[in-house]
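# Descriptive structure summary
If you want the building blocks of each chain, they are given just below.
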Amino acid sequence: MDTGTGGVNVNVMAFSKAGEVRLRDGVLDLLLEARVAHVGVTIITGASPASLAYLLHTAMGPDWHFTVRIVNIRANARYVQQDPRDYSEVLAQLKLPGHHCLVIEDSEPGMRAAGVTGIPVLVTALTDQHRNLSGAMRVVRSLKGMSFATLQSWMVQSQSSAHLAQEARAADAVSLG
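Calculation notes
- The residue numbers shown here count from 1 along each chain, following its written sequence.
- The model is predicted, so local features are restricted to residues of pLDDT at least 70 and side-chain atom pairs to those at 80 or more, both for listing and for counting; the totals for chains, interfaces and linings are taken over all residues.
- Hydrogens and waters are ignored; side-chain quantities use all the structure's heavy atoms.
- Strands here are runs of E lasting at least two residues and helices are runs of H or I lasting at least four, both read from the DSSP assignment and numbered beginning at the N terminus.
- Contacts are residue-level and defined by heavy atoms, with any inter-residue pair within 4.5 Å sufficient.
- The salt bridge definition used is simple: a Lys or Arg side-chain nitrogen within 4 Å of an Asp or Glu carboxyl oxygen.
- Only protein chains enter the area calculation, which uses a 1.4 Å probe; residues under 20% of their type maximum are buried, those over 50% are exposed, and those in between are partly exposed.
- Strand pairing is defined by DSSP finding a minimum of two bridges between the two strands.
- Nonpolar cores were defined as sets of buried Ala, Val, Leu, Ile, Met, Phe, Trp, Tyr and Cys residues, with membership established by side-chain atoms within 4.5 Å.

## Section: the overall build of the protein
- Looking only at helices and strands, one finds five helices and eight strands in the protein.
- Element order for the protein, N to C, with α for helix and β for strand: β-β-β-α-β-α-β-α-β-α-β-β-α.
- The long-range fraction of contacts in the protein, counting pairs at least 24 apart against all pairs at least 6 apart in sequence, stands at 55%.

Below you can see the structure in the form of structure tokens.
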């Protein structure tokens, strides 16, 4: 993970039975760990930035914005939900290559959109029934108990695997040529 302004798309909100909005399990711990490690988090959302800001302020305190940046991809409504261009635009704003970022996503379309841009994707899925999540770096049921060290380790493994696959494709191209 980037120690500057790393890009993370994370579906952070969940609804309780009482109807109040709260952070999903494990999200607050990761955000607080990011704060301590001086890792910036960018939340790409189609939800109301004001609602998300209130939620983060309530959970993290008034200085939440020093750790978290909110990018509202629905502000201009140019694209359909979870379009790869959203991720490409945010990467350009952050001035980071995709492999320096991590997307935490809870949907197959979101995973696919982020994956097109070369960003590793961690999918949080309550169920993988009727979904093809083969493009994910990893699939977990929850972020509860997750640490930045674990995420970093998975990203390094993912980058190594991607590099080996790229070398294999290059070797195949040479042997075919």
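After that view of the structure, there is still more to cover.
## Focus: the pattern of salt bridges
- Inspection of every chain in the model, using the stated rule, returns four salt bridges.
- The partner of D63 in a salt bridge is R35, with the nearest N and O atoms 3.3 Å apart. Separated by 28 residues along the polypeptide, D63 in the loop between α2 (49-60) and β5 (68-72) and R35 in helix α1 (residues 27-36) bring together distant segments of the chain.
- Judged by its relative accessible area of 32%, D63 falls in the partly exposed class.
- The closest approach of N and O atoms between R85 and D83, which form a salt bridge, is 2.8 Å.

## Description of the pairing of strand β4 (residues 41-45)
- The element β4 is extensively covered by neighbouring structure, given that five of its five residues are classed as buried.
- Covered by surrounding structure in β4 are V41, I43 and T45 together with T42 and I44, the residues of both alternating faces.
- In this sheet, β5 lies alongside β4 in parallel orientation, the contact comprising five bridges. Looking at β5, one finds that V41 is bridged to V68.

## Observations regarding the nonpolar core
- Of all hydrophobic cores here, the largest spans 26 residues; its most connected members are L56, V68 and L122.
- Mapped by element, the contributors of at least two residues to this core are α1, β4, α2, β6 (102-105) and α5 (148-176).
- When residues in this core are grouped by element, the largest group, five residues, is from α2.
- In this view, V68 contacts L31, V41, I43, L56 and M60; residues no more than four positions away in its chain are not counted.

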